[in-house]
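Observations on chain architecture
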Amino acid sequence: MGIVWEEILIYGITGLFCIAAVVFYVRREKRKSGAIAKKVATAKEEGRFEPVSLHPFIDVNVCIGSGACIKACPEKDILGIVDGKATVINATSCVGHGACFHACPVEAISLRIGTEKRGVDLPHVKPNYETNVKGIYIAGELGGMGLIKNSAEQGKQAVDSILKSKKTGKEGVFDVAIIGAGPAGITAALNAKKNKLNFTVLEQDSLGGTVFTFPREKVVMTQPMDLPLHGKIKLRDTSKEELLGIWQGVLKENNISIKEHSKVEEIIPLENGDFKVMIANGEEVLAQNVLIAIGRRGSPRKLNVPGEESTKVAYRLLEPERLSDEKIMVVGGGDSAVESAMLLMDRNDLIISYRNDQFSRIKPKNREKIDAAIAEGRIEVMYDSNVLEIKKESVLMSFNDDRPDKEIANDRVYIFAGGELPIQFLKNAGIEVEKKFGKIVKKYT
């Protein structure tokens, strides 16, 4: 009889431990879920919940809340679990790695462009990267794929499509004019060289395209990629300088030159099926095919204020370590503005001018760093402010509230106001552009 009671006691204690463990687990998950829900609410308040580019869409009817997508994502606070289902948090910081898409064990995630509320202008591009205009191709960020690895792969595949079209080999005409020397353009050039095509690469700024404008030491690549004539680059957490160095080395090894500072103004389709590519400096290029591999921002957006044409005004930050003891103003409130300001703040008198009352749509890490810098007095932020005029030794500011206009001593101005989408440039060439609302880019089939 004693043995029976001992067994009952053991089973009872074991049952209590199991119940306690379940209660502990449920409470812990509830706390974690509540914390994520608060982050989602904050992201919505600060305008960081709605995605602006390629992003994961989660089918909550399929999701089992395994958390595999969160573990796979190399970014912080992009995804979380609320009430047992995955959700996006800071969607504006998503760069479209697609790691969550591949990690989901139940195929609950698809990658999409735009949302039901916010449309994204995208050119019409076929699966082979050709547009509705025969002979004009688009690869990379402009087509919706901004991640470096994806853009590079598209550049390679677009050239493969040109080879398959057999629209090459005409004497006195380039087989392909590649517009843009970013990830897609560089990889396209390497693949064109590998396949003995006659080509030219035109870049409005400098080698690297959008990557070249990143602040120094900013991490720009988190996944390996393949480069034609070179092989796989197995680097992770690669800085801008490292990546540009690799590109420069590969291009030099293969005698490929980039025509920098050659902004393409217009692509003119000719009656014989070729294209005349008009460059801002007056030059013309004839090509049988054109590959557009430029970023979505096109040209930097200007403030259109007096004095903006001054040589002390710039739209990207290069060599920040060369600047010291200057009175600098950074205009803008996005990641580029904040990151640039933090690179300049230790050796200069730094002011950020932002037209809104708080920073929005910046990455969580940047928010933490900029808040700390402001608290320590290393950066002054002028919220609700606008530049009225840029003078030789000062900047005239206005404010959205009752504060009077103010003139501030200044040596240099950096403007990070985004860029103008090259929509008209595409339409002038006959390329159809549509606003996409939640277009599926990748899904399991």
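Above this note sits the structure.
These remarks concern the structure in this document. (Residues numbered from 1 in each chain as written. Predicted model: local features only at pLDDT ≥ 70, side-chain atom pairs only at ≥ 80, totals over all residues. Heavy atoms only, no water.)

**A look at the overall build of the protein**
A count of helical and extended segments in the protein gives nine helices and 27 strands. When the 445 residues of the protein are sorted by exposure, 48% land in the buried category. The contacts of the protein with a sequence gap of at least 6 include a subset with a gap of at least 24, amounting to 66%. (Helix = DSSP H or I, 4+ residues; strand = E, 2+ residues; numbered from the N terminus. Buried < 20%, exposed > 50% of the residue type's maximum accessible area, 1.4 Å probe, protein only. Contact = heavy atoms within 4.5 Å.)

**Digging into the pattern of salt bridges**
Counting across every chain of the model gives ten salt bridges. Here Asp 274 makes a salt bridge to Lys 170, at a shortest N to O gap of 2.8 Å. Taken together, the residues Asp 274 in the loop between β13 (264-269) and β14 (275-279) and Lys 170 in the loop between α4 (148-165) and β7 (174-179) connect sequence positions 104 residues apart. We classify Asp 274 as buried; its relative accessible area is 4%. Of the charged contacts in the structure, one is a salt bridge between Glu 283 and Lys 259, with a shortest N-O distance of 2.8 Å. With Glu 283 in the loop between β14 and β15 (284-292) and Lys 259 in the loop between α6 (240-253) and β13, this pair connects stretches of sequence that are 24 residues apart. Glu 283 gets classed as partly exposed once you look at its relative accessible area, which sits at 33%. Here the salt bridges do not stand alone but share partners, grouping Asp 346, Glu 376 and Arg 378 into one network. (Salt bridge = Lys/Arg side-chain N within 4 Å of Asp/Glu carboxyl O.)

**Section: the sheet that holds strand β17 (residues 313-314)**
If you walk across this open sheet you meet the five strands as β17-β24-β18-β19-β20, and the pairing is parallel. Unpaired on one side and paired on the other, β17 and β20 (380-382) mark the two borders of the sheet. When strand β19 (residues 349-353) meets β20, the two strands line up parallel, connected through three bridges. Considered in β20, the bridge of Ile 351 is made with Glu 380. Sitting on the sheet, helix α7 (residues 335-344) touches β18 (327-331), β19 and β24 (412-415), and the angle it makes with β18 is about 165°. (Pairing = 2+ DSSP bridges. Axes fitted to C-alpha atoms, helices over the stretch in contact; angles between N-to-C directions.)

**Describing the nonpolar core**
Grouped together as the largest cluster of nonpolar side chains are 34 residues, with contacts concentrated most on Ile 178, Phe 199, Met 225, Leu 227 and Leu 291. Of all elements in the fold, only α4, β7, α5 (183-194), β8 (199-202), β10 (225-227) and α6 reach the threshold of two or more residues within this core. Once you skip the residues sitting within four places of it in the chain, Leu 227 turns out to touch Thr 187, Leu 190, Ile 233, Ile 246, Trp 247 and Val 250. Among the nonpolar cores identified, the runner-up in size contains 26 residues, and Phe 49, Cys 104, Ile 109 and Leu 111 belong to it. (Core = buried A, V, L, I, M, F, W, Y, C linked by side-chain atoms within 4.5 Å.)

**Remarks on unusual backbone geometry**
Positive phi, close to 60°, is recorded for Asn 304, a residue that is not glycine. Under the relative-accessibility criterion, Asn 304 is labelled exposed at 67%. The residue Asp 384 is not glycine, and still its phi comes out positive at about 55°. With respect to the helices and strands, Asp 384 occurs in the loop between β20 and β21 (385-390).

**Description of the pairing of β7**
With five of six residues buried, β7 is to be regarded as a mostly interior element. Of the pairings in the sheet, the one linking β7 to β15 comprises five bridges and is parallel in character. For Val 176, the partnering residue across the bridge sits in β15 and is Asn 289. Pairing analysis gives four bridges linking β7 to β8, with the strands arranged parallel.

**Let's talk about the packing of α4 against α5**
It is at 7 Å that the axes of α4 and α5 come closest, and there the two elements cross at 35°. Considering only the axes of α4 and α5, their crossing is right-handed. Between α4 and α5, the residues in contact are Ile 148, Ser 151, Ala 152, Gly 155, Lys 156, Val 159 and Asp 160 and Pro 183, Ala 184, Thr 187, Ala 188, Asn 191 and Ala 192, respectively. The residue inventory of the contact of α4 with α5, partitioned by class, reads seven nonpolar, four polar and two charged. (Left-handed = near helix turned anticlockwise from the far one by under 90°. Nonpolar A, V, L, I, M, F, W, Y, C, P; charged D, E, K, R; others polar.)

**Focus on the sheet that holds strand β23 (residues 406-409)**
In spatial order, the strands read β21-β22-β23; together these three strands make up an open sheet with antiparallel pairing. Edge strands, defined here as strands with exactly one partner in the open sheet, are β21 and β23. Direction aside, the axes of adjacent strands within the sheet are offset by 35° on average. Pairing of strand β22 (residues 394-399) with β23, which is carried by four bridges, proceeds in the antiparallel orientation. Considered in β23, the bridge of Met 397 is made with Lys 406.

**Brief notes about the environment of Asn 128**
Position of Asn 128 among the secondary structure elements: in the loop between β5 (120-123) and β6 (136-138). Sequence separation between Asn 128 and Ala 158 is 30 residues, and the spatial gap between their C-alpha atoms is 6.5 Å. The contacts of Asn 128, once residues within four sequence positions are left out, are Tyr 137, Ala 158 and Ser 161. A polar side-chain atom of Asn 128 sits 3.1 Å from the main-chain amide nitrogen of Glu 130. (Polar contact = N/O pair within 3.5 Å; in protein donor to acceptor, adjacent residues only side chain to side chain.)

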